[in-house]
Amino acid sequence: MSTILFELGCEELPPKSLKPLRDALQTSVTEQLTAADITFDSIKAFAAPRRLAIQIQGISDKQPDRTEQKRGPAIKAAFDAEGNPTRAATGFAKGLGIEASELTTINTDKGNYVGFEQTIQGQATTELLPAIFQTALDNLPIAKRMRSGASRNEFVRPVQWAVLMQNDTVIDASIQGHQTGTQTRGHRFHSPDYHNIAHANDYEQLLDGLKVVVDFDKRQMLIKNQVKALADEVNSDAIVPQALLDEVTALVDFPIALRASFEARFLQVPQEALISTMQADQKYFCLTDKAGKLQPYFIFITNIESKDPNQIIEGNEKVVRPRLADAEFFFLQDQKQPLFALTESLKNRVFQDKLGTIWEKSERIAKLAAFIATLMQQQGIDISIDEAVRAGILSKADLASSLVGEYPELQGIAGTYYAHLNNEPEAVAASLEEQYLPKFSGDVLPQTPIGICLALADRLDTLVGIFAIDQAPTGSKDPFSLRRSAIGILRILIEKQLPINLVALVEQAIKGYSDAEGSKIEKMGDTFTQVMAFLNSRYRAMYTEQGVSVDTIQAVQAINPHMPLDFDQRIRAVQAFSELSQASMLADSNKRVANILAKSEVSVADTVDEALLSETAEQNLYTNVKQAQTVVQPLLEQADYTQVLQTLASLDEPLTQFFDGVMVNSEDAALKNNRLALLKQVRALFLTVADISELQL
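Report on the accompanying structure. Everything numeric in this text was worked out from a predicted model, so none of it was measured. (Residues numbered from 1 in each chain as written. Predicted model: local features only at pLDDT ≥ 70, side-chain atom pairs only at ≥ 80, totals over all residues. Heavy atoms only, no water.)

Structural notes on helix 20 (residues 550-557)
Rule in force here: Per-residue accessibility, obtained with a 1.4 Å probe over protein chains only, is compared with the maximum for each type, and a residue is labelled buried under 20%, exposed over 50%, and partly exposed between these values. Under the DSSP-based scheme used, a helix requires at least four consecutive residues in state H or I and a strand at least two consecutive residues in state E, with every element numbered from the N terminus. Note on contacts: a residue pair qualifies if any of its non-hydrogen atoms lie within 4.5 Å across the two residues.
Listed in full, the buried residues belonging to helix 20 are Asp551, Thr552, Ile553, Ala555 and Val556. Looking at the buried positions of helix 20, the neighbouring elements they touch are helix 19 (524-545) and helix 21 (564-578).

Following this line, the structure appears as structure tokens:
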């Protein structure tokens, strides 16, 4: 058992790719070692701006020997009548490098064959490792590789050195065109020279002394701790997005956190703009107070242990000031006119060539928002239709602002700030930001009633319009994010407990594309059908992400409910039903009933003639069905689907007795049709909630 060290030294690696490259390298090496049957105690990957490395401890010195059995021709073909080897046998033996006399007999179910068992000596680990590491490097997820100088070796960045060691000895190899050795390099500024690695176990400790914290996770923890300590000193919380933290960790070998400040006057600018420019452009960690309000401080990570940190702090303050001043300028410039005035320029901005301008979209959103607000009023929700219309008209106004022009991610956010400055109603102002929620899977939903109206209206308008011009998503391509929009619609209606029918919403959205000159949608019927099918198809993606089984989703989809809230209630009911002891039998019985009814050559009656119920089992089932119908009706009116299925579970035993004791396909046509009518009522009872026959229990 020994320790292996591999290190590839490069020019600065792409910071956003460093962590994925590290993980991919470790995964590939691990898989190859396992496939080669080479055991080891532990494997650890390292990553710093100028290097990727792997340290493997307790690795076996060689592959284990293995025995291989080679099977040749059948005995009958291998030997003639006198028992002498034929050309088939001698040819097989010659191929193995042995004499025919050394062949043995292999007995199988298909007959006897000649064969030979040979021992394959395991290769030394050191012989296999160069190819393993090179293969791992070749398989790294690198979007675009480059060549350095005249070298034909390609990598993400020019390679400077390569280390491959077993304990204290070099494993002689050429990797990425570089001869392996025992020399590494330290920090680019603090320790730029080559340094010899005495032993593979010394790697991490040696680099620590050369001002390189080579362990990515350890380096990241140092950054987090330093940032928190500096934030605590000014009683603030640091904003530390994981993606930014990963990127900053990949930019430095030896992290030193420093805190700087900026003029408090910049805090009048929307803090989202300041945070955006400091994070995206400068890689700074912004600070907020305990209430989440931005403070005039930021923390940055330097890669140098400076004798005079104040110079570095002042330099960063000098660099960030113009960027904050730009944001301030755009913000003040936008305030020279009211938010509504910005809508004028939307009349010349195209939403989509065939669907008109952004102004026309705003008008459609306003009309659809008013329709949704009316439906919400009918549910007892306190909402102003006039304010919903006003919010719709203003919904896209900030797209014409200078601030959003510079910081596109602030659309909606900027509108809310400007609406407040223009003394627009609070409900209108808040909705301008909320219209874009949820932005991603699991994101928060709009909280205000008008925000909900805008969020639904905007998505429905886009969905209908894009389907109308035959630009529906295909495969993995979804340029208009329609799948995400559809799930957003479903989530809002379900999680906000809004009993609103999708049919009404889609129909109204289609009507929005009509005016005095006609409609922008040529095939309204086809568009409606396609949009409804698309929305219904998103249930599966949404619920499987929540852990709901596919058959449960299919059971509800089979009856095609048009109200997402109702769909969700049915899903929960079927989930609860699946836990019952009777569920499996009832699912099978429903399948049987469905098959029997489907094969019926005549139209099955809706009513049962009680006088024709001759068998005790069918009389008992009929009695139980009538009782269930009486109990279920008020439960359906309350949408208490869980209790409906709990009630129907009592049909378990009567159904079993019916199928055990009654011949449905009686030669007497009247009896047969009456029994089919009884089964039709059983089937109808379950279909009031879902198609239980879809369940795979």
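Description of the pattern of salt bridges
As a reminder, the rule being used: Between Lys or Arg on one side and Asp or Glu on the other, a salt bridge is scored when a side-chain nitrogen of the former is within 4 Å of a carboxyl oxygen of the latter.
Enumeration over the complete set of coordinates arrives at 32 salt bridges. Notably, a salt bridge pairs Glu11 with Arg188, separated by 3.2 Å at the nearest N-O pair. You can see Glu11 sitting in the loop between strand 1 (2-10) and helix 1 (18-35) and its partner Arg188 sitting in the loop between strand 13 (183-185) and strand 14 (194-196), a full 177 residues away along the chain. Judged by its relative accessible area of 30%, Arg188 falls in the partly exposed class. Of the charged contacts in the structure, one is a salt bridge between Glu263 and Arg321, with a shortest N-O distance of 2.8 Å. Note that Glu263 is positioned in the loop between strand 16 (256-261) and helix 8 (271-280) and Arg321 in helix 9 (residues 309-334), a separation of 58 residues in sequence. Classification of Glu263 by relative accessible area gives partly exposed; the value is 30%. Taken together, the shared-partner salt bridges in this structure form one network comprising Lys361, Arg364, Lys396, Asp458 and Asp461.

Considering the packing of helix 8 against helix 9
Packed helices, taken two at a time, are described by the angle their axes make and the gap between the axes. Our working rule: Fitting a line to C-alpha atoms yields each axis, with helices limited to the stretch in contact; the angle taken between N-to-C directions then spans 0 to 180 degrees. Handedness of a crossing is defined here by the sense of rotation of the near helix relative to the far one, left-handed for an anticlockwise turn of less than a right angle and right-handed for a clockwise turn. Each residue receives one of three labels: charged for Asp, Glu, Lys and Arg, nonpolar for Ala, Val, Leu, Ile, Met, Phe, Trp, Tyr, Cys and Pro, and polar for the others, Gly being one of them.
Packing of helix 8 against helix 9 brings their axes to within 10 Å, and their N-to-C directions diverge by 145°. The element helix 8 and its partner helix 9 pack so that their crossing is right-handed. Within the contact between the two elements, helix 8 uses Ala273, Leu274, Thr277 and Met278 and helix 9 uses Val320, Arg323, Leu324 and Ala327. Here the residues of the contact of helix 8 with helix 9 are counted per class, giving six nonpolar, one polar and one charged.

Some remarks on the packing of aromatic side chains
For clarity, the threshold we go by: To pair, rings of Phe, Tyr and Trp, with the six-membered ring standing in for Trp, must have centres within 6.5 Å; the planes then decide the type, stacked if under 30 degrees apart, edge-to-face if over 60, and tilted in the middle. Lysine and arginine charges are scored as sitting over a ring when NZ or CZ, respectively, is within 6 Å of the ring centre and within 35 degrees of the ring normal.
Going through the model one piece at a time under the given rule, you end up with 13 aromatic pairs. Look at Trp161 and Tyr194: their rings are 6.2 Å apart centre to centre, the planes differ by 85°, and that puts the pair in the edge-to-face class. With a gap of 33 residues between them, Trp161 in strand 9 (residues 159-166) and Tyr194 in strand 14 connect regions that are remote in the sequence. Given the relative accessible area of 4%, Trp161 is considered buried. Take Tyr194: its relative accessible area is 39%, and that puts it in the partly exposed class. Consider the rings of Tyr539 and Tyr543, whose centres lie 6.3 Å apart with planes at 20°: the pair is stacked. Taken as a pair, Tyr539 and Tyr543 lie in helix 19 at a separation of four residues, close to a single helical turn. Owing to a relative accessible area of 0%, Tyr539 belongs among the buried residues under this scheme. Classification of Tyr543 as buried rests on a relative accessible area of 0%. Linked through ring pairs, Tyr284, Phe298 and Phe300 together constitute an aromatic cluster. Of note, Lys347 hangs over the ring of Trp359, and the distance from its end group to the ring centre comes to 5.1 Å. In this arrangement the basic side chain of Arg570 is found over the ring face of Tyr641, its NZ or CZ atom lying 4.2 Å from the centre.

Regarding unusual backbone geometry
Residues apart from glycine generally show negative phi values, whereas peptide bonds are mostly found in trans. Note that the residue after Leu437, namely Pro438, is joined by a cis bond; omega there is -5°. Relative to the helices and strands, Pro438 is located in the loop between helix 15 (426-434) and helix 16 (449-468). For Asn423, which is not glycine, the phi dihedral falls at a positive 60°. Relative to the helices and strands, Asn423 resides in the loop between helix 14 (413-421) and helix 15. For Asn423, a relative accessible area of 69% puts it in the exposed group. Phi is positive for Asp470, close to 60°, though the residue is something other than glycine. Assignment of secondary structure puts Asp470 in the loop between helix 16 and helix 17 (482-495).

Everything listed here is a matter of coordinates, which is why it stays silent on function.
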